[in-house]
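Residue-level listing of the chains:
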Amino acid sequence: MLHLFSQHTFTAFKIKFAAVFFVTDRPKLAENYTEDTWLKLRDAVGAIQNSTSIKYNLEELYQAVENLCSYKVSPTLYKQLRQVCEDHVQAQIHQFREYPLCSLDNLSFLKRMNRCWQDHCRQTIMIRSIFLFLDRTYVLQNSLLPSIWDTGLELFRSHIVSDSAVQKRTVDGILEQIELERNGETVDRSLLRSLLGMLSDLQVYKDSFEERFLIETNRLYAAEGQRLMQERDVPEYLHHVARRLDEENDRIVSYLDQSTQKPLISCVEKQLLGEHMTAILQKGLSTLLDENRVTELAVLYQLFSKVKGGLSTLLQFWRDYIKSFGGEIVCTPEKDKDMVQELLDFKDKMDNVAQSCFARNEGFINAMKEAFEAFINKRPNKPAEFIAKYVDSKLRAGNKEATEEELERILDKIMIIFRFIHGKDVFEAFYKKDLAKRLLVGKSASVDAEKSMLSKLKHECGAAFTSKHHDPIQTGTFNILTMGYWPSYTPMEVHLPPEMVKLQEVFKLFYLGKHSGRKLQWQPTLGHAVLKAEFKEGKKELQVSLFQTLVLLMFNEGEEFSIEEIRTATGIEEGELRRTLQSLACGKARVLNKNPRGKDVEDGDRFNFNNDFKHKLFRIKINQIQMKETVEEQVSTTERVFQDRQYQIDAAVVRIMKMRKTLSHNLLVSELYNQLKFPVKPGDLKKRIESLIDRDYMERDKETPNQYHYVA
């Protein structure tokens, strides 16, 4: 097997010969020396071309060339050498023109072409080494003359490769081998590398091969893309595309010219991805995200990042998916119970996709935030309400699901969801009400957690948001709540025992003596106490609410009471009383017996003290049965928010008009949208403006009804 010598190899070779031959002495030329010397050189060239042994040593031949050049016959020598080489190359074309046209012989045709090319390169290198002195003197001094090496390339190109039939069959054979490899068959890559290197060296690679190669590639992958999009699911298709791109990059490294890389890869990406971007995303993105297929999502992102417009298209579908999926969570009443947890889980999932699969792309992260803000506000007020209730469930003492560190992480995640809400005043109203219950009834899981949450709200919304949230003032066993800073509670009169009435009077005298102009209103629903009780097992301490206290104290005066007798004696409202008796007689810590037995308290039930009560703890907390928040309470809280918003709108209108004096309706509305921190409809703004006009805070322009003037 003959080996192809590169230009680099040849350069090293010629330097070696120069080092050997330039040190020899030149003999004086005789008159008949020129013709004899040329014949000797021609015989040597012929021996090289015919792969036979040379009769003369190379040093002698090199010296002969140097002598001829010194005798000033270089032009003739150059022409004669070129003619000998051209005659030889011309004779080679016949073996290719006469080659059988059967397609089965294409591979042997390529092998013959490669052998011819490698022989030609080897021969040209040998010939140039002999004629090196000519090449480095006469040829180098004449810029219009090609070097001996370039002459060899020119002759091979013009007499063999430029022949239309030979060139077509060569390129056809190469394309056939590449197609076979693309179909999974093994081909001779070294053969392809040599032949494509030949086309590149002869400077016909682009015109003769690359154009046809890219056309065939385009055709192949266009058909493949159409077929596989129908046959395969999206994950399979994405892995196929990634594999195809790897294969084509491997071909570039193995035998294609580097100049082909960009158009080749662009062609594959266009036909397998660019033409099917929308179809791929419509068919599979939702499934990939639903099933959290992070590997395939990462492949999808990497592939789409290679295609023009790929990432922008993916981003739009990603944003639409989040809006759709999140909107279903928020706008489906059946999901209300688990809304916040589902939102947190969904946010975690999308965060992971953005981080792990989408390379932390800032555009995708911002699109996710926009999408969350869009869908979470499609249903006004409710998400804010449920987020407040979710926080309450996590901060209650009964929450055993998380450690302090885990609770802190949950609160941080809640704040991320909270940022997306427009109606933060709704959250504030419900959060305030629940915070009061936790603090006053001692239900808070952790003072540190409460402070942490308030700190987060202050950081997010400013100091004004949390200025009304303070710990209750402790004075002995009395909590003093400032009206307006705490939720309002329905007044309820109960019959307190004389000892408690006496304590109330003592505290009242103390407090009113210290603060003039104040009025105290007692809230028995928020009271609690610790009772000492004696059972057969021994003494226990019962941590109970005020209502539970009033019921239990009755059994100091008698053995058994009916529900009617207890209601009359305590004055507790019927619903509250039933829940209180249920907690004492039907819960885990049954310090009372109910007759007849049952889970619910009914009319006619009778209760007696359970002297056989046993418990492993000394102090036992008896939980009150919590009344579920009624629709009326929800409506009441929402209504308070609505009223607060009316006042805020009025204040904003007056503030703007006082500063601007005169404004058109559209400019006033625009200013209001910029200042108000909650969503509001144009119709609501118009009503508030009309109300302020009626109350003489502002007036319409007499000639331009849509113009307003501030009334000082």
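The structure this text deals with has already been given above.
Worth saying up front: this structure is predicted, and the values here are computed from it rather than measured.

(A) Broad picture of the sheet that holds strand S3 (residues 528-535). Overall, mixed pairing links the 3 strands, which are arranged S3-S4-S8 in an open sheet. The open sheet is flanked by S3 and strand S8 (619-621), the only strands paired with a single partner. The sheet shows a mean angle of 25 degrees between the axes of neighbouring strands, direction not considered. With 3 bridges joining them, strand S4 (residues 538-545) and S8 adopt parallel strand pairing. The partner of glutamine 543 across the bridge, within S8, is lysine 621. Where helix H25 (residues 546-553) meets the sheet, its contacts fall on S3 and S4, and the angle it forms with S4 comes to roughly 135 degrees.

(B) Spotlight on the packing of aromatic side chains. Going through the model one piece at a time under the given rule, you end up with 22 aromatic pairs. Ring geometry for phenylalanine 96 versus phenylalanine 109: centroids 5.8 Å apart, planes at 75 degrees, classification edge-to-face. One end of the pair, phenylalanine 96, is in helix H5 (residues 94-97); the other, phenylalanine 109, is in helix H6 (residues 106-130), and 13 residues separate them in sequence. Each of the two residues, phenylalanine 96 as well as phenylalanine 109, counts as buried.

(C) Seen up close, unusual backbone geometry. The residue after asparagine 595, namely proline 596, is reached through a cis peptide bond having omega 5 degrees. Mapped onto the elements of the fold, proline 596 is located in the loop between strand S6 (592-595) and strand S7 (606-609). Within the chain, asparagine 381 stands out as a residue other than glycine whose phi angle is a positive 75 degrees. Looking at the secondary structure, you find asparagine 381 in the loop between helix H18 (362-376) and helix H19 (382-395).

(D) Region of the structure containing the side chain of aspartate 163. Structurally, aspartate 163 can be placed in the loop between helix H8 (148-161) and helix H9 (164-182). Within the local environment of aspartate 163, its side chain forms a polar contact with the backbone nitrogen of valine 166, the two atoms lying 3.1 Å apart. The residues touching aspartate 163, leaving out its near neighbours within four places in the chain, are Ile93 and Arg97.

(E) Region of the structure containing the nonpolar core. With 142 residues, the main nonpolar core has Phe131, Phe209 and Trp318 as its most contacted residues. Leu531, Phe535, Leu546 and Leu577 belong to the second-largest nonpolar core, a separate cluster that totals 31 residues.

(F) Fine view of the side chain of glutamate 248. Along the chain, glutamate 248 falls in helix H12 (residues 234-254). Using a relative accessible area of 0% as the deciding quantity, one classes glutamate 248 as buried. Dropping the residues within four chain positions of it, glutamate 248 is found in contact with Arg182, Tyr221, Leu264, Ile265 and Val268.

(G) Here's a closer look at the pairing of S4. Relative to S4, S3 runs antiparallel, the two being bridged by 8 bridges. Within S4, the position partnered with lysine 532 by the bridge is glutamate 541. Linking S3 back to S4 in an antiparallel pair, the connection comprises 2 residues.

(H) Fine view of the sheet that holds strand S9 (residues 662-664). Spatial strand order, S9-S11-S10: 3 strands in an open sheet with antiparallel pairing. Looking along the sheet, the strands with just one partner apiece sit at the ends: S9 and strand S10 (698-700). Strand-to-strand twist in this sheet, taken as the mean axis angle between neighbours without regard to direction, amounts to 25 degrees. Note: S9 against strand S11 (residues 707-710), 3 bridges, orientation antiparallel. Each bridged residue has a counterpart across the sheet, and for threonine 662 the counterpart in S11 is histidine 709. Across the sheet, helix H30 (residues 682-694) is in contact with S10 and S11; its angle to S10 comes to roughly 105 degrees.

(I) Main features of the environment of lysine 349. Relative to the assigned elements, lysine 349 resides in helix H17 (residues 339-357). For lysine 349 and aspartate 290, which are 59 residues apart along the polypeptide, the C-alpha to C-alpha distance reads 9.6 Å. With sequence-adjacent residues up to four places away left out, lysine 349 is seen in contact with Leu289, Asp290, Glu291 and Asn292. Within the structure, the side chain of lysine 349 is placed 2.8 Å from the backbone oxygen of aspartate 290, a separation counted as a polar contact.

(J) Local environment of helix H13 (residues 261-272). For H13, spanning 12 residues, the distance from its first C-alpha to its last is 16 Å, which sits close to the expected 16 Å at 1.5 Å a residue. Contact partners of the buried residues in H13: H9, helix H11 (205-231), H12 and helix H14 (277-290).

(K) Layout of the pattern of salt bridges. Counted by the stated rule, this structure contains 41 salt bridges. The residue arginine 251 makes a salt bridge to glutamate 181 at a minimum N-O spacing of 2.9 Å. Of this pair, arginine 251 sits in helix H12 while glutamate 181 sits in helix H9, placing them 70 residues apart in sequence. Among the residues examined, arginine 251 registers a relative accessible area of 2% and is labelled buried.

Quick notes on the rules
Residues numbered from 1 in each chain as written. Predicted model: local features only at pLDDT ≥ 70, side-chain atom pairs only at ≥ 80, totals over all residues. Heavy atoms only, no water. Pairing = 2+ DSSP bridges. Helix = DSSP H or I, 4+ residues; strand = E, 2+ residues; numbered from the N terminus. Axes fitted to C-alpha atoms, helices over the stretch in contact; angles between N-to-C directions. Contact = heavy atoms within 4.5 Å. Phe/Tyr/Trp six-rings, centres within 6.5 Å; stacked < 30°, edge-to-face > 60°. Buried < 20%, exposed > 50% of the residue type's maximum accessible area, 1.4 Å probe, protein only. Polar contact = N/O pair within 3.5 Å; in protein donor to acceptor, adjacent residues only side chain to side chain. Core = buried A, V, L, I, M, F, W, Y, C linked by side-chain atoms within 4.5 Å. Expected span 1.5 Å × (residues − 1). Salt bridge = Lys/Arg side-chain N within 4 Å of Asp/Glu carboxyl O.

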